[in-house]
Amino acid sequence: MKKRKEREIKKEMKGTVEELLCFACDDGDLNQVKQLLINNNLQVNLNCENDSGRTPLYIVCENGNIEIVKVLLLMDGKVDINKLSQNGQTSFFIACKNGHIEVVKLLLNDERVNVNIPNDDDQTPLWIACENNQIEIVKMLLNDLRVKINEVDEEGMTPFHIACIIGYIEIVKLLFNNERVDLNKASLKNQTPIYTACFFGHIEIVKYILSSGREVNLNVKDSDGNTAIDIARKRGKFTEEKRAWETEGQYQKRINNCPKIVELLESFERNPNETRFK
């Protein structure tokens, strides 16, 4: 409410055209955006930033206002589509993060859009879509060959890593069934995606990976010398205390599931085919 009052005061004070454009974009006011562009003979800096460092295009992509996105994209190259906001994100990135499907479709069809520009943490649009469980967005990105699907963040984690860490089974399935995804890529701490699933006790993900028939290396050791089964054994013990960042639910899930994951991995090591065809 306070933010909205501040906007109204600035409007009444006849702010610059650029300020008014940002306000109109934030409000999703298509008519006002068009009027501002017409009244100023299209001589508006469309790459201006508001007080929080967001451009008009970024604002409408963040909010999912596709009609205004269309207007801005038609402005004869006056919009820097790949401009980073103050928080280090492109307009395409924020649309993927927030799950605005139609906006993402529109931007994917614009050859000027760089679909792989990461944020300040080296997380790509695909990475952030996976982290936020944006299933339809992830499907679209995986179908676009321009998208680099094994890019890592500052900790060396791929999109497949983050899906295994959080436990998003549908995202895991999408990535796992894409032949371009590196299933065994290790992070900076030498943790593979299946290792992270074991670490957090995501038994459904471990089951899915083991039963798939695709080759997954279970013998990779992390920086402390632990394999996937080693970490499952350690994390399943009641002596392994609840971490500060774990919720009670996460802790209980891990304590309950890690011993079952150990049994599953031991069974797989004895007879991989039996596990795959169960």
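The structure presented is a predicted model; accordingly, all values stated were derived computationally and were not measured. Think of each chain on its own: its residues are numbered from 1, step by step along the sequence as written. Where totals are concerned, whole chains, interfaces and linings use all residues; where local detail is concerned, this predicted model gives features only for residues with pLDDT of at least 70, and gives and counts side-chain atom pairs only at 80 or more. With hydrogens and water excluded, all non-hydrogen atoms of the structure serve as input to the side-chain values.

## Here's the deal with the packing of aromatic side chains
Filter applied, for reference: Within 6.5 Å between ring centres, the rings of Phe, Tyr and Trp (the latter by its six-membered ring) count as paired, and their orientation is classed by plane angle as stacked under 30 degrees, edge-to-face over 60, tilted in between. Only protein chains enter the calculation, and the probe is 1.4 Å; a residue is then buried if its accessible area is under 20% of its type maximum, exposed if over 50%, and partly exposed in between. Segments assigned H or I by DSSP are reported as helices when at least four residues long, segments assigned E as strands when at least two residues long, and all are numbered from the N terminus.
For the coordinates displayed, the defined rule picks out four aromatic pairs. Relative to F200, the ring of F199 lies with its centre 5.0 Å away and its plane at 65 degrees, an arrangement referred to as edge-to-face. Residue F200 is classed as partly exposed on the basis of its relative accessible area of 23%. Note on F200 and W245: the rings are 5.7 Å apart at their centroids and 55 degrees apart in plane angle, and the pair reads as tilted. Taken together, the residues span a long stretch of sequence, with F200 in helix α12 (residues 193-200) and W245 in the loop between α14 (228-235) and α15 (248-270) at a distance of 45 residues. Aromatic rings pair up to connect F160, F176 and Y208 into one cluster.

## What about the packing of α14 against α15?
Relative placement of two packed helices is described by the angle separating their axes and the distance separating the axes. Note the cut-off: Throughout, an axis means a line fitted to C-alpha atoms (over the contacting stretch in the case of helices), and angles, computed between N-to-C directions, take values from 0 to 180 degrees. Any angle between 65 and 115 degrees counts as roughly perpendicular, while under 35 counts as roughly parallel, over 145 as roughly antiparallel, and the rest as oblique. In this scheme the crossing of two helices becomes right-handed for a clockwise turn of the near helix relative to the far one and left-handed for an anticlockwise turn of less than a right angle. We call two residues in contact whenever any of their non-hydrogen atoms come within 4.5 Å of each other. The nonpolar class holds Ala, Val, Leu, Ile, Met, Phe, Trp, Tyr, Cys and Pro. Asp, Glu, Lys and Arg form the charged class, and all remaining residues, Gly among them, are polar.
Contact geometry of α14 with α15 gives a least axis separation of 8 Å together with a crossing angle of 150 degrees. In terms of orientation, α14 lies roughly antiparallel with respect to α15. Both α14 and α15 take part in a crossing whose hand is left-handed. Contacts between α14 and α15 involve A228, I229, A232, R233 and R235 on the former and, on the latter, R254, I255, C258, I261, V262, L265, E266 and E269. Looking at the contact of α14 with α15 residue by residue, the class counts come to eight nonpolar, no polar and five charged.

## Points about the pattern of salt bridges
For the record, the criterion: We define a salt bridge as a contact between a side-chain nitrogen of Lys or Arg and a carboxyl oxygen of Asp or Glu at a distance within 4 Å.
Summed over the entire model, instances satisfying the criterion amount to 16 salt bridges. Across the pair R112 and D110 runs a salt bridge whose closest N-O atoms are separated by 2.7 Å. Ionic pairing is found between E266 and R233, a salt bridge with its closest N-O pair at 3.1 Å. With a gap of 33 residues between them, E266 in helix α15 and R233 in helix α14 connect regions that are remote in the sequence. Taking relative accessible area as the criterion, R233 reaches 36% and is therefore assigned partly exposed. Sharing partners across several salt bridges, the network here consists of R235, E240, R243, E246 and R254.

## Some words on the packing of helix α2 (residues 17-27) against helix α4 (residues 56-63)
Running from N to C, α2 and α4 cross one another at 10 degrees; their axes reach a closest spacing of 8 Å. Here α4 runs roughly parallel to α2, going by the angle between their axes. Note on element contacts: α4 touches α2 through P56, I59, V60 and N63, opposite L21, C22, C25 and D26. Here the residues of the contact of α2 with α4 sort into six nonpolar, one polar and one charged.

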